[in-house]
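# Secondary and tertiary structure notes
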Amino acid sequence: MSNFDSLSASEKYSHLNETVMNMLNKPGWGWWAIFAVDMMFLAFGIYCFIYQIYTGLGVAGYSHPVLWGVYITNFVFWVGIAHSGTLISAVLFLFRARFRMSIYRIAEAMTVFAVATAGLFPIIHLGRPWNFYWLLPYPNQRGLWVNFDSPLLWDVFAVSTYATISSVFFFIGMIPDIAAIRDTVVGKAKKVFYSVASLGWKGSSWEWGHYTRAYFYFACFATPLVISVHSVVSWDFAMANTPGWHTTIFPPYFVAGAIFSGLAMVITLCIPLRYIFKLEDYITMDNFDGMSKMIILTSSIVFYAYLIEFFIAWYSGNKYEYDQFIYRAVGDYALFYWIMMFCNGIVPHLLWFKKIRQNLMILFIITLLINIGMWFERFNIIVISLSKEFEPGSWGLYKPSWVEIGITVGSFAWFFMFFLIFVRTLPALSIAEIKEILPVPKKNGGSSHE
Amino acid sequence: MSKSNQNILGIYTYVDVLVDAIKKLRAEGFENLRVFSPVPNHEIEDALDTGKEPSKIKYFTFCGAILGALVGVCFTVLTSIDWPIVTSAKPIVSIPPYMIIIFECMILIGGLSTFLGLIINSRLRKDTSPELYDERFSDNKFGILVNCNPDDLEKIENILRDFGTDEVQVNGVLKVEAKEEEIKEEAKEEEIKEEAKVEEVKEEEVKEEAKVEEVKEEEANPDITEVKND
């Protein structure tokens, strides 16, 4: 640390470039080992999916009345993870939060890969996944169009728009950094790759002028988009009259929950990355501090939503709603309910203490617990509500099968596969943006932040 | 690169001297400047007065967003009318749920046209001439590229040097400072006294010549020989 501080402003610029270039060095055995293990899990997930296609949906655990099981839980979970990436890159950009600079690239990469993972699950949970394109509105021989009144179709539009816009946003942010890699990278193939990807970026003043404007507009688009996407996902549930789903609090509750889980995932990814690549000079304790505080905020919103749901269930006088919530707390799935309450409502409040925010080991464990808690939150909403609807005659329990668990594990492997490739091929730190917060090299009057 | 269009590039380490140099050049009437930097910087923007010409990307963004919204409206309304079927006892054209589709289309097309606007306006792809670009500009160096007549070359070079440039390149060739050469000659005269120093300087010279040679090979350009004769 002190070593970095003693460098001159100009040397710090170079140090940053070198740090990023070092991350792109040829991966060692450690990386390959992790990658191989990851591939094994992914292969098992793919095997499970193929098995499910050949044998039929019966091998997945869901059946009447719970027809949305772990797959849709995973879908909502991964879309939620995606959201904080956009929050960090777009919303915090508009708020000029400096602590976002060094982590936003990792968060954005996480967004893109999480959406790529989430997008698989609506297809996986279909009985005939090869017909998934029926969801898309295209002119067909039957002359039929899709039902625009259906929340599931809103999902198609929202998630595909989100995937496109967040990928382009991710790419735009990287252009100057890819150019920096292009300028120093050795090897012809790599040079060609980075040259093409940099779009001929030279860093001249007019390029920067247009670039900063474009980035600003993109952030303005991405901010309402991120709110709309998870609102739409929540309407998948809230538009139905199922007890436990049919509430107006769902959109803000889901958006807060998404940001909450995503922030936890960013910290989960950043802590090992920072340690492995020795990024202590850039990903500082202040970054973790800022994110931890946002976790406290979003956790409070989520916890409030958990409690107010109970209140409204009682206050509305709706018997079905009331019984549903009592069932959640003391019924067959009570264990999962209390895991959720503990991980999302209680544990994050440890972060009020500065000592805990500054202890990366504890922070890492807390964020892991939050990830688990948030996965169970979606599980509870989906499965518990469906298992006890209005008709006692059609009540039933659901237990995930090994195929569903295999595919879930595979989805994590799928996500980490992208992430592992990303840290070795693309700049995981935003070179240009971190330079904005580093002191500007000046000859007279020392150096300053602009 | 025609003869009347000479390019001279000054490379800087410090922003404040760079900004002073830009101001001086502009005061002298050299407006055809291109400034390179590894990071966007407001002082440079102010010195170049880029605020006078705001970026046109906003028009791309705005038109894209309007177009996207219109696409959303047409898509939902027209396809519903094309096959009118009542779902959930709602009107055939029910605006509230369509707002979601319209919103998503607006963001999608607005965002993509912003990206297009960035590529077109910043001339990212167009600008592929073997321009005077230095790889250090993405690292820690700043640069001013001046496009000028051959007559002004010397004047600009002097301005760049007065403001403490690290090095000057004319049409892609590293230019050794005149003063330095004089010193070297003096040093040669005092060979007996300072043998060791001379050796060093010579080595430097060789290195610099090698650089010149390299660049020369890279760019088979008739102007280079001219510059070298300077």
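In this text the structure is predicted, and so the values were computed from the model without any measurement.

So, about the overall build of chain B. Looking only at helices and strands, one finds eight helices and five strands in chain B. In chain B, the order of α-helices and β-strands from amino to carboxyl end is β-α-β-α-α-α-β-α-β-β-α-α-α. A buried classification covers 36% of the 230 residues belonging to chain B. The long-range share in chain B, meaning contacts at least 24 apart out of those at least 6 apart in sequence, stands at 78%.

With that settled, the discussion passes to unusual backbone geometry. Residues and elements named next belong to chain A. With an omega of 0°, the peptide bond between H64 and P65 qualifies as cis. Positive phi outside glycine occurs at K278, with the angle close to 55°. Inspection of the secondary structure puts K278 in the loop between helix 10 (250-276) and helix 11 (285-315). Its 11 C-beta neighbours within 10 Å are what place K278 among the exposed residues.

Here A214(A) is to be found in helix 9 (residues 205-238). Sequence spacing of A214(A) and F169(A) is 45 residues, and the spatial spacing of their C-alpha atoms is 9.8 Å. Setting aside residues up to four positions removed in sequence, A214(A) forms contacts with I172(A), I57(B), T114(B), G117(B) and L118(B).

With that out of the way, let us pick up the nonpolar core. In this structure, V79(A), M110(A) and V266(A) are the most contacted members of the largest nonpolar core, which totals 148 residues. In this structure, V440(A), L48(B), L160(B) and V173(B) belong to the second largest nonpolar core, which totals 33 residues.

Within the secondary structure layout, V17(B) lies in helix 1 (residues 15-27). In this view, V17(B) contacts K443(A), Y12(B), F163(B) and G164(B); residues no more than four positions away in its chain are not counted.

Residues and elements named next belong to chain B. Put simply, chain B has an average pLDDT of 75, and 70% of its residues get 70 or more. With pLDDT under 50 throughout, residues 220-230 is counted as low confidence; its partners more than four residues away or in other chains account for 13 contacts. For this predicted complex, the interface confidence reaches an ipTM of 0.90, while the overall pTM sits at 0.85.

We now examine the interface of chain A and chain B. Between chain A and chain B, the residue contacts involve 54 residues of the former and 60 residues of the latter. Mapped onto the side of chain A that touches chain B, the elements with two or more residues apiece are helix 2 (9-23), helix 7 (151-184), helix 9 and helix 17 (431-437) of chain A. Ranked by residue count, the leading element in the side of chain A that touches chain B is helix 9 of chain A, at 16 residues. Its residues placed into classes, the side of chain A that touches chain B shows 27 nonpolar, 17 polar and 10 charged.

All names here are of chain B. Between helix 3 (residues 57-82) and helix 4 (residues 95-121), the least distance of the axes is 6 Å, while the angle of their chain directions is 150°. Taken together, the axis directions place helix 3 and helix 4 in an arrangement best described as roughly antiparallel. As for the relative orientation of helix 3 and helix 4, their crossing is right-handed in sense. Of the residues assigned to the contact of helix 3 with helix 4, the class counts are 19 nonpolar, 10 polar and no charged.

For the rest of this paragraph, the subject is the packing of helix 7 of chain A against helix 4 of chain B. Running from amino to carboxyl end, helix 7 of chain A crosses helix 4 of chain B at an angle of 20°, the nearest separation of the two axes being 9 Å. The angle between the axes of helix 7 of chain A and helix 4 of chain B places the two elements in the roughly parallel class. Between helix 7 of chain A and helix 4 of chain B lies a crossing whose hand is left-handed. Contacts between helix 7 of chain A and helix 4 of chain B involve W154(A), F157(A), A158(A), T161(A), T164(A), I165(A), V168(A) and I172(A) from the former and I100(B), I101(B), E104(B), I107(B), L108(B), G111(B), L112(B), F115(B) and L118(B) from the latter. Residue composition of the contact of helix 7 of chain A with helix 4 of chain B, by class: 13 nonpolar, three polar and one charged.

Rules used throughout
Throughout, a residue's number is its position along its own chain's written sequence, starting from 1. Ligands are numbered from 1 and chains lettered from A, in the order in which they are written. pLDDT decides what is reported in this predicted model: residues at 70 or higher carry local features, side-chain atom pairs at 80 or more are listed and counted, and totals for whole chains, interfaces and linings draw on all residues regardless. Here a strand is any run of E in DSSP of at least two residues, a helix any run of H or I of at least four, and the numbering for each starts at the N terminus. For the exposure call, what matters is how many other C-beta atoms sit within 10 Å of a residue's own: 20 or more marks it buried, 12 or fewer exposed, and in between partly exposed, using C-beta atoms placed from the backbone. Any two residues are considered in contact once their C-beta atoms, placed from the backbone, lie within 7 Å. What we call a nonpolar core is a set of buried Ala, Val, Leu, Ile, Met, Phe, Trp, Tyr and Cys residues whose membership is set by joining through C-beta atoms within 7 Å. What pLDDT conveys is the predictor's confidence in a given residue, as a value from 0 to 100. Gly is put with the polar residues, along with every residue not named as nonpolar or charged; the nonpolar set is Ala, Val, Leu, Ile, Met, Phe, Trp, Tyr, Cys and Pro, and the charged set is Asp, Glu, Lys and Arg. Axis lines are fitted through C-alpha atoms, for helices just across the contact stretch, and the angle between N-to-C directions can take any value from 0 to 180 degrees. Should an angle fall under 35 degrees it is called roughly parallel, over 145 degrees roughly antiparallel, and 65 to 115 degrees roughly perpendicular, with every other angle called oblique. Handedness of each helix crossing follows the sense of rotation of the near helix against the far helix: counterclockwise by less than a right angle gives left-handed, clockwise gives right-handed.

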